[in-house]
Amino acid sequence: MILAVLLPGGLTFSVYKYLSAPDPNTAAASPTTDPTLEPKEPSPSENERPDSPIDADEYGDWNFRAGSVTFKAEKVGGWTYDSCAPVDRHGVLAKNKCERVVQLAYAAYRGHLTAVQVIMSFPTVKAAKATAMHLASSSRAVKWRRDKLLDKYVYAKQRVASTERYVLLTVVAADKTAQVKATRFHHYLHTDRSNSFLFRDSTASD
């Protein structure tokens with residue numbers, strides 16, 4: 001089941017795809033309502049370089065704080081691809097002229113929750129939006145690092161969003177120990193990273 005959400009400012013198209021075991025690309029769960037996360041300037045601890053190609057080295061551990069809400073995740077892997085071919089299963093990314101891809105892997109709650117993020121850059125905002133729309137109806141269009149997610153889990157969902165020239169896919173899997181924390185963790189990880197793209201480039205063309 002898919003739930004479309006327009007994030008603050010009207011700039012981020014977000015889609016939630018709910019998955020079930022054993023294949024994290026098979027949709028089968030009911031949607032839930034997550035709290036809204038306001039866009040904010042990137043954390044000073046992040047090393048994002050505006051107007052430069054995205055790179056896995058820009059991103060380290062995820063340490064988030066907003067009021068009384070805090071989350072932490074350890075970066076356990078990062079991969080940079082000079083083209084989008086390695087993750088483009090059905091040619092969707094090539095059709096929309098995807099330029100570059102980064103994959104990031106995270107672990108939290110002593111390994112009881114794992115996450116993979118795929119960041120894709122495009123030449124225009126229009127191309128990014130078109131890609132996000134397509135990915136909303138095709139959960140297998142992008143290949144991501146399944147080996148970095150838990151093999152056994154009770155929570156497994158993916159979210160897709162386009163912000164400016166970027167498309168973000170965030171997949172989270174959690175076992176019973178971290179299940180009650182997984183939905184909020186997933187929401188904040190995905191939305192915090194999505195919002196960071198609002199400030200990455202000084203200009204963006206339609």
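For the structure itself, consult the block above.
Within any chain, residue numbers begin from 1 and follow the written order of that chain's sequence. Selection of residues for local features in this predicted model requires a pLDDT of at least 70, selection of side-chain atom pairs for listing and counting requires 80 or more, and totals for whole chains, interfaces and linings are taken over all residues. Note: side-chain values were computed over all heavy atoms of the structure, leaving out hydrogens and water.

Caption draft 1: Region of the structure containing the overall build of the chain. Elements are defined by DSSP. Helices are runs of H or I of four residues or more, strands are runs of E of two residues or more, and each kind is numbered from the N terminus. A tally of regular secondary structure across the chain gives three helices and eight strands. Scanning the chain from its N terminus toward the C terminus, one meets helices and strands in the order β-β-β-β-α-β-β-α-β-β-α. Categorising residues by exposure relies on relative accessible area from a 1.4 Å probe, with only protein chains included: less than 20% of the type maximum marks a residue as buried, more than 50% marks it as exposed, and the intermediate range marks it as partly exposed. Taken over 206 residues, the chain has a buried fraction of 51%. Contacts between residues were defined by any pair of non-hydrogen atoms, one from each residue, lying within 4.5 Å. Of all intrachain contacts in the chain linking residues separated by at least 6 positions in sequence, the fraction that spans at least 24 positions is 68%. Only carbon and sulfur atoms are counted for the fraction: they give 51% of the accessible area of the chain, which is about 9,400 Å². Surface accessibility follows the Shrake-Rupley procedure with a 1.4 Å probe radius. Residue values consider only the protein chains on display as shielding.

Caption draft 2: Spotlight on unusual backbone geometry. The phi angle at Lys97 is positive, at roughly 60 degrees, despite the residue not being glycine. Although it is not a glycine, Glu164 adopts a positive phi angle of roughly 55 degrees. Following the sequence through the fold, Glu164 ends up in the loop between strand 7 (155–163) and strand 8 (166–174).

Caption draft 3: Quick look at the pairing of strand 6 (residues 113–121). For strand 6, the buried fraction is high: nine of the nine residues fall into the buried class. Burial of the side chains of strand 6 extends over both faces: Leu113, Ala115, Gln117, Ile119 and Ser121 are buried on one face and Thr114, Val116, Val118 and Met120 on the other. Adjacent in sequence and paired antiparallel, strand 5 (residues 100–108) and strand 6 are bridged by four residues, among which Tyr109 carries a positive phi angle near 50 degrees. One ladder, built from nine bridges, connects strand 6 with strand 8; its direction is antiparallel. Here, a strand pair is defined by DSSP locating no fewer than two bridges between the strands.

Caption draft 4: Expanded view of the pattern of salt bridges. For this analysis, a salt bridge means a side-chain nitrogen from Lys or Arg found within 4 Å of a carboxyl oxygen belonging to Asp or Glu. Tallied over the entire structure, the rule returns seven salt bridges. Residue Asp201 pairs with Arg165 through a salt bridge whose shortest N-O separation is 2.7 Å. With Asp201 in the segment after helix 3 (179–196) and Arg165 in the loop between strand 7 and strand 8, this residue pair connects regions lying 36 residues apart in the sequence. Here Asp201 falls in the buried class, since its relative accessible area comes to 13%. Taking relative accessible area as the criterion, Arg165 reaches 15% and is therefore assigned buried. Close ionic contact of Arg200 with Asp201 constitutes a salt bridge, the shortest N to O distance being 4.0 Å. For the pair Arg200 and Asp201, a shared accessibility class is recorded, and that class is buried. A single salt-bridge network, built from bridges that share partners, covers Glu58, Glu99, Arg165, Arg200 and Asp201.

Caption draft 5: Looking closely at the state of the cysteines. Disulfide assignment relies on a single distance test, namely cysteine sulfur atoms paired within 2.5 Å. Going through the model one piece at a time under the given rule, you end up with one disulfide. Across a sulfur-sulfur distance of 2.0 Å, Cys84 and Cys98 are joined as a disulfide pair. Looking along the S-S bond of the Cys84-Cys98 disulfide, the torsion reads about -70 degrees, which is the left-handed sense. A residue pair is termed long-range when its members are at least 10 positions apart, and Cys84 in the loop between strand 4 (69–81) and helix 1 (92–95) and Cys98 in the loop between helix 1 and strand 5 qualify at 14 residues. Of the two residues examined, Cys84 and Cys98, each falls in the buried class.

Caption draft 6: Layout of empty space enclosed by the protein. Both cavities and pockets are sets of points on a 1 Å grid over the protein atoms alone; in a cavity a 1.4 Å probe fits but cannot get out, in a pocket the set is open with protein on both sides within 12 Å along at least five of seven lines, and lining residues sit with an atom within 4 Å of a point. Grid points are joined across faces, edges and corners, and a volume is the space filled by probe spheres set on the points. Under the counting rule described, the total for this entry stands at one cavity of 30 Å³ or more. Each pocket or cavity is described by its volume, and for the largest cavity that value is around 40 Å³. In terms of lining, the largest cavity is formed by Leu135, Ser138, Ser139, Ala141, Val142, Gln158, Val160 and Leu169. Looking at the lining of the largest cavity residue by residue, the class counts come to five nonpolar, three polar and no charged. Three classes are used: nonpolar for Ala, Val, Leu, Ile, Met, Phe, Trp, Tyr, Cys and Pro, charged for Asp, Glu, Lys and Arg, and polar for all others, with Gly counted as polar.

Caption draft 7: Spatial organisation of the pairing of strand 8. Of all nine residues that make up strand 8, nine are buried, and the element is covered over most of its length. A two-sided burial pattern is seen for strand 8, the buried positions comprising Tyr166, Leu168, Thr170, Val172 and Ala174 on one face and Val167, Leu169, Val171 and Ala173 on the other. In sequence, strand 7 turns back onto strand 8 through a hairpin of two residues, with Glu164 there showing a positive phi of about 55 degrees.

Caption draft 8: Structural context of the environment of Asn96. Take Asn96: it is sitting in the loop between helix 1 and strand 5. On the accessibility criterion, Asn96 (15% relative accessible area) is buried. For the pair Asn96 and Lys126, spaced 30 residues apart in sequence, the C-alpha separation works out to 9.1 Å.

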